[in-house]
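Working through the structure, step by step
So you can see what is in the structure, the chains are spelled out below.
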Amino acid sequence: MSPTRDTIFALSSGRPPAAIAVVRISGPHARLSLEALSGRLPQPRQASLARLRDPGSAESLDEALALWFPSPRSETGEDMAELQLHGGRAVVAAVLAALGRLPGFRPAEAGEFTRRAFENGRLDLTAVEGLADLIGAETEAQRRQAYRQLKGLLGDRAETWRGRLIKALALVEAGIDFSDEADVPAELVRPALDIARELHNEIAGALAQAGRGERLRDGLVVAIAGPPNAGKSTLLNRIAKREAAIVSPFAGTTRDVIEVHLDLGGYPVTLLDTAGMRETEDPIEQEGVRRARERAATADLVLWVTEAGRPMTDFPTFSGSSVTGDGPLADRGGLPISGSVAEEPPLWVIKNKIDLIAYQKSEYQFIYDSKFISLSASTGFGIDELLQRLTEYVQQFFGLESGLVTRERHRTQLTVAKLALARALSESCGREELIAEELRLAARALDRLTGKIDVEDVLDVIFRDFCIGK
Ligand code: GDP
């Protein structure tokens, strides 16, 4: 570790005032901060009470808990100190100011502690991403997935894959060395290709689950669509009023699309209200319809809201114009098809305003009919039923196990590795050099995944998500 490195410090807990404020210090002079402010160094990794003074004026600043984590057994791998202060604004400001006056000390930048942990090999890149996701996690399932990523679910797997690749590569390279002897190369290359085949299948298996892991980070998207005045906004508002379900209401409100973030059974769901889809001459409205259609087309599920009792002639195709009759519904039987590869998302028909229907009894039975969900957005009748169905759908969508691949970055590198392995497997005997080259390419992709090489361009993107003090 370079001795000329700055010692960094930051408030790592939330914005004051608060009961307690945690200030962290990392770098070659972290020890000095404790000695200068409290007059002594606590036992490593043991909390001790410390009276903090301004080293310049000797004025008492606060009584705090002080912790000392000597290198390398600290989060960043450097010498680290931690002060748990009373969380008042002036207390925090005075302690940060006193630290800033120490030689070689400066405030930390966003994510800088974690960046040092990465540079010192305490975390690999996938774990850094897991940490960012853990801090951002809003639901139970997101927390679980992020925690596993932090603990090396993907990073460790990639390391094991890499180890096996290197073994295969060594076999092929030995085969090249023996290439004058007729039988030896084939004997060495065959087991290498066996390893490559296993790796190819395992990586392909992880990639097949990729969509789920990535979706869990962002939330499953459910679009509410349908003709104007069917009651879409009323339905969205009704669901949004269920306190338990809401994570952050109306994040990202635009003229055309309103979204609500829900926590359904521990899984994140983004509910979108799209502008009424209809043919219109007004160019601004047309733009709204176009955007709504686009959002609905990429949604994971569409709730098509109609007015109960009206003939349902106007079913959507989101990529183009509406079609009449029961075309799309007949195709899917109106049912959600999980894991379907259909171009358009599954569609549930919501028959709204059933409070207006004279023969309510006969309509009510549709609530238990799988093709339609009848409800009344304005009275709330049937809403619990809808939420229950949605929760089951989301649970089924995500399955029990969380994905290994949670980001596009992971998918890209694993795809590179998989394709290189496939090319290696397609080589016939006697082309050992080409096989070796493909295996090297696959190993490099795994190195990029864990951040062993070529990290420069991805680091800034990843650390942009971090806050100061982390
Ligand atoms: P949107 O254009 O699809 O978003 O429709 P709105 O949510 O703005 O609703 C259109 C009209 O239908 C409003 O006057 C609502 O009060 C009314 N409405 C919505 N849901 C119901 C319902 O379940 N029952 C009744 N009677 N009226 C409803």
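Quick caveat: nothing in here was measured; it's all calculated off a predicted structure.

Cut-offs applied
- Residues numbered from 1 in each chain as written.
- Predicted model: local features only at pLDDT ≥ 70, side-chain atom pairs only at ≥ 80, totals over all residues.
- Heavy atoms only, no water.
- Near = heavy atom within 4 Å.
- Polar contact = N/O pair within 3.5 Å; in protein donor to acceptor, adjacent residues only side chain to side chain.
- Areas by Shrake-Rupley, 256 points an atom, 1.4 Å probe, with all protein chains shown as cover.
- Helix = DSSP H or I, 4+ residues; strand = E, 2+ residues; numbered from the N terminus.
- Core = buried A, V, L, I, M, F, W, Y, C linked by side-chain atoms within 4.5 Å.
- Buried < 20%, exposed > 50% of the residue type's maximum accessible area, 1.4 Å probe, protein only.
- Contact = heavy atoms within 4.5 Å.
- Lys, Arg positive; Asp, Glu negative; His and termini not counted.
- Salt bridge = Lys/Arg side-chain N within 4 Å of Asp/Glu carboxyl O.
- Phe/Tyr/Trp six-rings, centres within 6.5 Å; stacked < 30°, edge-to-face > 60°.
- Axes fitted to C-alpha atoms, helices over the stretch in contact; angles between N-to-C directions.
- Left-handed = near helix turned anticlockwise from the far one by under 90°.
- Nonpolar A, V, L, I, M, F, W, Y, C, P; charged D, E, K, R; others polar.

Taken together, 15 residues sit near the ligand, with Asn-229, Lys-232, Ser-233, Thr-234 and Asp-355 positioned nearest. Taking Asn-352, its side chain carries an N or O atom lying 3.1 Å from a nitrogen atom of the ligand. Residue Ser-378 places a side-chain N or O atom 2.9 Å away from a nitrogen atom belonging to the ligand. Contact with the protein chains removes 70% of the 580 Å² of surface that the ligand exposes when unbound. Sorting elements by how many residues they give to the shell around the ligand places helix α9 (residues 232-240) first, with 3 residues.

Below, the discussion takes up the nonpolar core. Formed by 33 residues in total, the largest nonpolar core has its most connected members in Trp-161, Leu-165, Leu-414, Leu-421 and Leu-439. Looking at this core, the elements with two or more residues in it are α6 (153-177), α7 (184-208), α14 (408-426) and α15 (432-450). Tallying contributions element by element places α7 first for this core, with 9 residues. Not counting residues up to four positions away in its chain, the partners in contact with Leu-414 are Trp-161, Ile-203, Leu-207, Val-405, Leu-446 and Leu-449. Ala-141, Leu-235, Leu-301 and Leu-387 belong to the second largest nonpolar core, which has 31 residues in total.

With an omega of 5°, the peptide bond between Pro-16 and Pro-17 qualifies as cis. Inspection of the secondary structure puts Pro-17 in the loop between β1 (7-11) and β2 (18-26). For the bond running from Ser-71 to Pro-72, omega is 0°, close enough to zero to count as cis. Topologically, Pro-72 is positioned in the loop between β4 (60-69) and β5 (80-87). The backbone of Lys-353 shows a phi angle near 65°, a positive value even though the residue is not glycine. The topology assignment puts Lys-353 in the loop between β14 (347-352) and α12 (360-364). Judged by its relative accessible area of 23%, Lys-353 is partly exposed.

Residue placement: Glu-82 occurs in strand β5. One buried charged residue, Glu-82, forms no salt bridge at all, with the nearest opposite charge on Arg-24 at 5.4 Å. For Glu-82, the side chain forms a polar contact with the side chain of Gln-84, separated by 3.3 Å.

Right, let's talk about the packing of aromatic side chains for a bit. Enumeration according to the criterion identifies 4 aromatic pairs in this entry. A centroid spacing of 5.2 Å and a plane angle of 80° characterise the contact between Phe-397 and Phe-398, whose relative ring orientation is edge-to-face. Classification of Phe-397 by relative accessible area gives partly exposed; the value is 25%. A residue is classified by how much of its surface remains accessible, and Phe-398, at 3% relative accessible area, is buried.

With that out of the way, let us pick up the packing of α7 against α14. Packed helices, taken two at a time, are described by the angle between their axes plus the distance between the axes. The geometry of α7 relative to α14 is characterised by a closest axis approach of 9 Å and an angle of 150° between their N-to-C directions. You can see that α7 and α14 cross each other, and the crossing is left-handed. Of the residues in α14, those touching α7 at Leu-193, Ala-196, Arg-197, Leu-199, His-200, Ile-203, Ala-204 and Leu-207 are Arg-411, Leu-414, Thr-415, Ala-417, Lys-418, Leu-421, Ala-422, Ala-424 and Leu-425. Taken together, the residues that form the contact of α7 with α14 break down as 12 nonpolar, 2 polar and 3 charged.

Structurally, Arg-409 is set in helix α14. Dropping the residues within four chain positions of it, Arg-409 is found in contact with Leu-125, Thr-126, Glu-129, Arg-448, Leu-449, Val-458 and Ile-462. Of note is the side chain of Arg-409, whose polar atom sits 2.8 Å from the backbone oxygen of Leu-449.

Using the criterion set out here, one finds 29 salt bridges in the structure. A salt bridge links Glu-112 to Arg-116; the shortest N-O distance between them is 3.8 Å. Linking Glu-112 with Arg-116, this pair stays in helix α3 (residues 112-119), spanning 4 residues, or about one helical turn. Residue classification places Arg-116 among the buried residues on the basis of a relative accessible area of 3%. Residue Glu-119 pairs with Arg-115 through a salt bridge whose shortest N-O separation is 3.8 Å.

So, about the side chain of Thr-270. Residue placement: Thr-270 occurs in strand β10 (residues 267-274). Thr-270 sits in the buried class, given a relative accessible area of 5%. If near-sequence neighbours (up to four positions away) are discounted, Thr-270 is found in contact with Asp-218, Leu-220, Val-221, Val-222, Glu-259, Val-260 and His-261.

Any link to function would need more than the numbers given here.
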